[in-house]
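If you want the building blocks of each chain, they are given just below.
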Amino acid sequence: MASGGTGDELVFFVNGKKVVEKNVDPETTLLIYLRRKLGLCGTKLGCGEGGCGACTVMISKYDNLQKKIIHYSANACLFPICALHHVAVTTVEGIGNTKTRLHPAQERIAKSHGSQCGFCTPGIVMSMYALLRNAPEPNMEEIEDAFQGNLCRCTGYRPILEGYRTFAKDWGCCGRAANGPGCCKTEKENSANQGCCGKRGNGPSCCMNEKEENAVTISSSLFNPAEFQPLDPTQEPIFPPELLTQNSKPLKQLCFKGERVMWIQPTTLQELVALKAQHPSAKLVVGNTEVGIEMRLKNMLYPVILAPAWIPEMNFVQHTDKGIAFGASCTLSLVEKVLSKAVAELPPYKTEVFKAVLEQLRWFAGLQIRNVASLGGNIMTASPISDLNPVFMASETQLTLASTEGKRIVTVDEKFFTGYRKTMLKPEEILLSIEIPYSRKGEYFSAFKQATRREDDIAIVTCGMRVLFQEDSHRVQKIKLSYGGMAPTTVLAVKTCQKLTGRDWNEKLMQEACHLLADEMNLSPSAPGGMVDFRRILTLSFFFKFYLTVLQKLSQQLNGNNNLSEMLPSSYLSATELFHKDPIANVQLFQEVPPGQAVEDTVGRPLMHLSAAKQACGEAVYCDDIPHYENELYCTLVTSTKAHAKIISVDTTETQSVPGFVCFISAKDIPGSNVTGIANDETVFADDTVTCVGHIIGGVLADTQEHSRKAAKAVKIKYEDLTPIVTIEEAIEKKSFFKRIRKINKGNVQKGFEESDHILEGEMYIGGQEHFYLETHCTVAVPKGEDGEMELFVSTQNLTKTQEFVANVLGVPSNRILIRVKRMGGGFGGKETRNTILSTVVAVAAFKTGCPVRCMLDRDEDMLISGGRHPFLGQYKVGFMNNGKVNSLEVSYYSNGGNSVDLSYGVMERALFHLDNAYNIPNVSSLGIVCKTNLSSNTAFRGFGGPQGMMIAECWMHDIAMKCGLPAEQVRKLNLYNEGDLTHFNQKLEGFTVQRCWEECLESSNYHARRKLIDEFNRQNRWKKRGMAIIPTKFGISFTVPFLNQAGALLHVYTDGSVLLTHGGTEMGQGLHTKMIQVASRTLGIPTSKIYISETSTNTVPNTSPTAASVSSDINGMAVYNACQTILKRLKPFKQSNPKGSWEDWIQAAYVNCVSLSATGFYRMPDLGYDFDKNEGKPFCYFTYGVASSEVEIDCLTGDHKNLRTDIVMDVGTSLNPAIDIGQIEGAFVQGIGLFTLEELRYSPEGNLYTRGPGMYKIPAFGDIPSEFYVSLLRNCPNSKAIYSSKAVGEPPLFLSASVFYAIKDAIFSARRESGLTEPFRLDSPATPERIRNACVDIFTKLCPSAEPGTFKPWSVRA
Ligand SMILES: Cc1cc2nc3c(=O)[nH]c(=O)nc-3n(C[C@H](O)[C@H](O)[C@H](O)COP(=O)(O)OP(=O)(O)OC[C@H]3O[C@@H](n4cnc5c(N)ncnc54)[C@H](O)[C@@H]3O)c2cc1C
Ligand code: FES
Ligand code: FES
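Residues numbered from 1 in each chain as written. Chains lettered and ligands numbered in written order. Predicted model: local features only at pLDDT ≥ 70, side-chain atom pairs only at ≥ 80, totals over all residues. Heavy atoms only, no water.

Looking now at the UniProt feature "binding site: [2Fe-2S] cluster 1" (unreviewed entry) in the chain. UniProt feature "binding site: [2Fe-2S] cluster 1" (unreviewed entry): in the numbering of this structure it lies at C47, C52, C55 and C77. A maximum C-alpha distance of 10.2 Å is found for the annotated residues, which run over 31 residues; spatially they form one tight group. Those residues in contact with C55, other than ones at most four positions away along the chain, are L31, T43, K44, A74, N75, A76 and C77. Along the chain, C77 turns up in the loop between β5 (68-75) and β6 (88-90). For C77, a relative accessible area of 6% translates into the label buried. Those residues within four positions of C77 in sequence are excluded, and the remaining contacts are T29, L31, G48, E49, G50 and C55. (UniProt positions renumbered as here; feature names shortened; annotations may be inferred. Contact = heavy atoms within 4.5 Å. Helix = DSSP H or I, 4+ residues; strand = E, 2+ residues; numbered from the N terminus. Buried < 20%, exposed > 50% of the residue type's maximum accessible area, 1.4 Å probe, protein only.)

Structural data, given as structure tokens:
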């Protein structure tokens, strides 16, 4: 936090306590202030750009316009501290805690298992809390809307919604027994023995009926709502009375001066315009949602900021003759509220424009942003993808401008925006107000937006469209079509509008309009933003939707005095429907523990994650929450801006003048070795060449994060460009491969082809994936002052490699380096090795300065430098029979490894081991090659190559079905393995449950009946299509490097009987520590409350394997078990001599008799080892299986899709903890939805990553999960190969989300059939709106042909 501000006193309240700040720096955000100055670390930094919601707080203030106290959620990361004068802030710490009482919003998310890693949890709690302060009994829609600006990477959202659904007035009931007996609402004790799964309404396969049949009890109760504290709104903290009295006092202009920026908050319009005349380049800041981003991410500096928060003329709402006028500072939430009321009250013909504004606001950012962002700010930002400006342009909205010269009124027309982010306002002018007009009779208006993700995403193309008809006719009097996303400004399709004026609204007009628009809304194939074909097609699709919508309204309006309705086939009607959410429904079924299991034995029970309550209260400590040391320094990385170049010089002269600068570190400062990496092919700092954008060249140390950031920007580097290799295709062309090429061959492929009825060849590309753990990489290194000792707090899944690499770079033995990990805010493989690139730098910094050094990467740095899931290209040739039976497969996998080997070989090997998915292929020839490119090294990511390997299998499987004209599920089923079959790597399948999962999934999803309904739907709808797919998975469990399958544990029992447990695994949200405590509790026979895990550290359990490969519960569980057994053995004599004694008695006796109460445990998986050359041996201990069916609906015109329903049946053995296991299944599945349908990494052809934050990179949000989401754990399938008959679960379910991808492909197939296309077609992953739309070939796509590849330089490439 920059210091040294001067000026007025800033007065505000935080959690009821008054804060008076005398030295405010306007560049400080509320988030930084809370975390650093007030030590309130519950509010988290996930992105710093308003895109994740981890920093959500509640703001309360007296609103002069509404004349009441208002409460709203806001992003602390964008909230300027200076905007807090006379405002009250509530953080997660202010509403409840574990010491006194949890607030119901905290309690319910914790108990409903809605918190895994917990990093998103405080933000989600605060969004819910703010909603409850406004609506103590919200409806479900309000709850879902409240979370539009929150992301969670772990849970898959379902448990959060389900926990919070209990607040809803339309909750009705648990959905299980419809208010009948056993219903949560009517029964205090909601025992699963009474309730039913609700899934099949007590029908033939209802869980209630199955109970007897299978002699097991099935439960659908992962939590018990009857336990929840009621919400009592009267108990909420009151608004500080002092702020209410302040409100009646006269206002005085405020001024705060920081190191670089001055903030002035005038009290009158006269003052404001005078200031603007004095500082014409000053920025007006209202919500700071644009200026904040520009200053943080775009390196802009605005020395003078004017805050118009107190200007009455800019904060008003007035109904006029022509429409509704809003002061420019009105927030978007207020606009939404006022317009919604107007739409409800006014005649519909008057509110066409209002409805269009509301439709745009519905998908505008998240609620936290809309609560602070201003209407004026959106117009004046003049972004070409503003959602509101096309509406204002098409509706000819009028603006009032003001300056010292007076006021003037202008219209938002084609001349208003004069260039990229420029308007026709003079520098000294400000926007005072906006008048949104009423529509007239005979006037129609629509607005459309298409983005990558529906919720909280900026538009790819957005538009406002208006037509006015001559009285009582369908002849166009005036038409305005305005688009965003098609040029550097919002534009009007002037020529098209001219040509359409005076024409009748009919098919001919529509066709001509499309031709005209295709011509007028043209884009260069190299246009910034890319997606050129898609954007062009969207302009036509939107017009077509507008045409149909107007036709429909017109035909109703003209009372049948026309033949317009005949022009509208009924199958076209659904094309005009606006997106609506279906009510959510979900059930999770699991097998209850056997009758008679002791109550305190929690194994098999849905025990809450043991840190969940702390996480929900903001008390859980993550790496950056560790209090700052007195002499601590901050390190900012200096990284390459070139993908491949020689470093000519590094000039640090200008850093010296940055306040607080301490030193620059580089390779020269390394006391040990600069060589690092899993394959020793990396350096800690680049030597003389950089091999990717983001390659670490050095680090800058300063007293604060802000100073070190500024100093890092002052480092000047000169490069000599070398040619980069970015894509897999380029690497293949240039034969740029890493050395190890793997093959797995079985049978005789050639013979298999000869015996086949058909042979198909194809190719599929699967894009990479960013981990997007909510907590970015973080290290705090503390030198201990003697013998080279250093203690490092690291957010890592891999303590051993971190210790080894740090020791290596410092030139000390490993025994001087202590690595400690309490928990991570998510890992997903991204912290398995790549954290070391940061940890080693921070260690060098701490060594050089002798001071503690901290670095937590910003989201953009993290995304740039730490790599992600490997993109894959699969080329296949498959031979099969007429019935779809596969005979022979030849497949080559290429992955994009990036600039170092890291874990790429392992990832490729796992891909090859999974090339069969769950299918028996008699003859296989496969090849796996890792491409060496100039991208940041790609690394482990949940599934570790497995999903990519299986995805290609499903691609050729789908092609086979299309080619044979058979239902895909029939072909898949035909090819499934059977018990005892040998895989292509010759491992025998024992306990193969896929067939069981398949049948159960078919039945529970009612697959065949729904398939028929889908066919009917598709017949009746031309522009919306539905699709469905059922996909199996088989996932090999164990590290494929055999020696990693070992684990240790350390167990101390203290004389009071309490147990401190440590094991080799780390907690990253997956509930490992909770499961380990359950294992220890059962083994020792004591309650879980007596056992505690504090952290994972290298001085307690040495040489740990990374927490990865899904095996952590298996191997650490056994190690814990062994340690417990040792203790039990030692206690035996004392138990025997005092059989009625308590645990504490035996411990005391053992202690008094000098028996050690500390034990280690160790375990290694037996019989592992595979020989690639001989294709023999056993790579996996066992397999985890599952099957999912998914149904989707696509909008063929826009490429949008809805996930309607998913049913998953998963074999996780005998679950150690069904809540955690179901959480893993749902979380992995939703992460997979991101991989296969949403998340797209985009690079410049020069290898520069564009997608560096949540603004451009879209992980699934609340609205992306299937509306109906059913998960059941397969019953009676104990696994003899893991602790207490359980199975590994972390990675295997991820691939099941391929069912969504293939359901989309199925729907696209139906759309293509309308255009006469029935052959197999290529669909690469992810199935983004762009890919879906482009694949739905129709009259509109034909009007926008693609430019010839090679004739232009694209804006972006896929890696
Ligand atoms: C996470 C996120 C999501 C977003 N999603 C969307 C989206 O879906 N659609 C979309 O269109 N936009 C989106 N935006 C952009 C942004 O929220 C809007 O443009 C917002 O309306 C800006 O308002 P503000 O009050 O925060 O502006 P500020 O940042 O305070 O100011 C923005 C600009 O407007 C100028 N300005 C403000 N008021 C006046 C005035 N009265 N007179 C003259 N100049 C003025 C300022 O000088 C500055 O240049 C998003 C932003 C974020 C951070
Ligand atoms: S940290 Fe503020 S929204 Fe992500
Ligand atoms: S629990 Fe939501 S991000 Fe981890």
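Taken together, 32 residues lie near ligand 1, and V286, T289, S374, D387 and L431 sit nearest. N288 is positioned with one of its backbone polar atoms (N or O) 3.0 Å from an oxygen atom of ligand 1. The separation between an oxygen atom of ligand 1 and a polar main-chain atom of V291 is 2.9 Å. For the shell around ligand 1, the element with the highest residue contribution is helix α13 (residues 375-381), accounting for four residues. Its residues assigned to classes, the shell around ligand 1 shows 16 nonpolar, nine polar and seven charged. (Near = heavy atom within 4 Å. Polar contact = N/O pair within 3.5 Å; in protein donor to acceptor, adjacent residues only side chain to side chain. Nonpolar A, V, L, I, M, F, W, Y, C, P; charged D, E, K, R; others polar.)

Our next topic: unusual backbone geometry. The omega torsion across S1325 and P1326 is 5°, close enough to zero to call that bond cis. In this fold, P1326 is placed in the loop between α34 (1298-1314) and α35 (1329-1335). Residue N288 is not a glycine yet carries a positive backbone phi of 65°. Position of N288 relative to the elements: it lies in the loop between β10 (283-284) and α9 (291-297). The backbone phi angle of D456 is positive, close to 45°, even though this residue is not glycine. Its place among the elements puts D456 in the loop between β19 (443-451) and β20 (459-469). For D456, a relative accessible area of 10% puts it in the buried group.

Here we take up the packing of helix α10 (residues 332-345) against helix α11 (residues 352-362). Where α10 contacts α11, the two axes come as close as 10 Å, and the packing angle between them is 140°. In terms of orientation, α10 lies oblique with respect to α11. With respect to the hand of their crossing, α10 and α11 are arranged in left-handed fashion. Side by side, α10 and α11 meet where L332, V335, E336, L339, S340, A342 and V343 of the first sit next to F354, K355, V357, L358 and L361 of the second. Here the contact of α10 with α11 is composed, by residue class, of nine nonpolar, one polar and two charged. (Axes fitted to C-alpha atoms, helices over the stretch in contact; angles between N-to-C directions. Parallel < 35°, antiparallel > 145°, perpendicular 65-115°, else oblique. Left-handed = near helix turned anticlockwise from the far one by under 90°.)

Of all hydrophobic cores here, the largest spans 323 residues; its most connected members are Y164, L481, Y483, W505, F543, W956 and W1143. Here this core takes 14 residues from helix α17 (residues 532-557), the largest share from any one element. Listed in part, the 95 residues of the second largest apolar core include V261, I293, A365 and Y438. (Core = buried A, V, L, I, M, F, W, Y, C linked by side-chain atoms within 4.5 Å.)

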